[in-house]
Number of protein chains: 2
Amino acid sequence: MNNGRFPISLHILTLMASYEGEWLSSDLIAGSININPVLVRKEISNLRNHGLIESKEGKNGGATLAKPADKIRLSDVYHAVQQASLLGNSKNRPNPACAVGKQINQHLDKLYQDIEGALLHKLDKMSLADFLRQFG
Amino acid sequence: MNNGRFPISLHILTLMASYEGEWLSSDLIAGSININPVLVRKEISNLRNHGLIESKEGKNGGATLAKPADKIRLSDVYHAVQQASLLGNSKNRPNPACAVGKQINQHLDKLYQDIEGALLHKLDKMSLADFLRQFG
DNA sequence: CATTCTGTAATTGACTTTATTACAGTACAA
DNA sequence: TTGTACTGTAATAAAGTCAATTACAGAATG
């Protein structure tokens, strides 16, 4: 959830939930998000690999939800887009000769996991259907 | 917590907590984190502006905690380094002609706030002293 | 078989982050 | 009172990341 991919993926899924049963083209979706269609297709590819949507090539192709919107949780979306950890996952290479430097990454990672757990707990409680339901 | 500044600031503070009472130079700190001393001084400047540390110019200068380590909470560190929201704060400009696009940023922002609340709750419960105590 | 799509690679451009250089100012200590 | 060891900060450059764009092969449809 570091990145701009979470909102894009959630936007894609929300559109599909709101047009459930229809096959939406990457151009249509890109027009709603206001980004490039190729980016949409990349995210669709990723969401498909995570089993959240299906897609169909060729004329009248597009993508649609792979399961009902109340079976997709926001934590699934998080897992689909997440590469690195939330906070930046210890990319520094601290000095191992220093008592603090030697251990800090390990303790940072533990802290990150703890926080990520709290975050996932929140996201787990909301389905795509719940999210869509908020729209007036 | 989007960025690499949180681990840097926490590393700085952890060093100071572990050498409580001493004035640490930016060169020493930079050597432990393994980054450029100027970056350390920038973070020190920021932490000082947030009342977490004090610094002293001139020979034998450096920086030290402004209060005991058990009075500094990790949520203070988070607030000190945080600029944007956790997840990327709705920078897309979706199509207002689209029913989903028109409202999604508002719902994303609400979701982000909810998650950030959970995160802050976790960080609020851990002090710098607690964090340091984990080091063997 | 022309058309409308997806899938994907490759490249570019914009932006962000970090490193580096440079130097003025401050405090201490001999 | 002068050299030394620091901070503070600006300016620039280098590196890295992210999104847009171009390009095109392949699939499904009518």
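Above this note sits the structure.
All of the points below concern the structure found in this document. (Residues numbered from 1 in each chain as written. Chains lettered and ligands numbered in written order. Predicted model: local features only at pLDDT ≥ 70, side-chain atom pairs only at ≥ 80, totals over all residues. Heavy atoms only, no water.)

Let's talk about the overall build of chain A
Then, in step 1: For chain A, the helix and strand inventory stands at six helices and two strands.
Then, in step 2: Along chain A, from the amino end to the carboxyl end, the secondary structure elements read α-α-α-β-β-α-α-α.
Then, in step 3: Computed over C-alpha atoms, the radius of gyration of chain A comes to 18 Å, more than 25% over the 14 Å expected from 2.2 N^0.38 for 136 residues, which places it beyond the range of a compact globule.
Then, in step 4: Counting only C-alpha atoms, chain A reaches 60 × 30 × 25 Å along its principal axes.
Then, in step 5: The 136 residues of chain A split such that 49% are buried.
Then, in step 6: Considering only residue pairs separated by 6 or more positions, chain A has 66% of its internal contacts joining residues 24 or more positions apart.
Then, in step 7: Accessible surface, chain A: about 6,500 Å² in total, of which carbon and sulfur atoms supply 47%.
Then, in step 8: Here chain A contributes 16 positively and 13 negatively charged side chains, and the mean placements of these two sets differ by 6 Å. (Helix = DSSP H or I, 4+ residues; strand = E, 2+ residues; numbered from the N terminus. Rg over C-alpha atoms; globule rule 2.2 N^0.38 Å. Buried < 20%, exposed > 50% of the residue type's maximum accessible area, 1.4 Å probe, protein only. Contact = heavy atoms within 4.5 Å. Areas by Shrake-Rupley, 256 points an atom, 1.4 Å probe, with all protein chains shown as cover. Lys, Arg positive; Asp, Glu negative; His and termini not counted. Charge placed at Lys NZ, Arg CZ, Asp CG, Glu CD.)

Notes on the interface of chain A and chain B
Then, in step 1: Opposite the 45 residues of chain A that make contact, chain B presents 45 residues.
Then, in step 2: For the pair chain A and chain B, the two sides together bury roughly 3,700 Å², of which 68% comes from carbon and sulfur.
Then, in step 3: Put simply, chain A and chain B have two salt bridges between them.
Then, in step 4: One salt bridge connects Asp114(B) with Lys122(A), and the closest N-O pair in it is separated by 3.4 Å.
Then, in step 5: At the boundary of chain A and chain B, one finds 10 residue pairs in polar contact (both at pLDDT 80 or more). (Buried area = accessible area lost by both parts, 1.4 Å probe. Salt bridge = Lys/Arg side-chain N within 4 Å of Asp/Glu carboxyl O. Polar contact = N/O pair within 3.5 Å; in protein donor to acceptor, adjacent residues only side chain to side chain.)

Geometric values such as these leave the question of function open.
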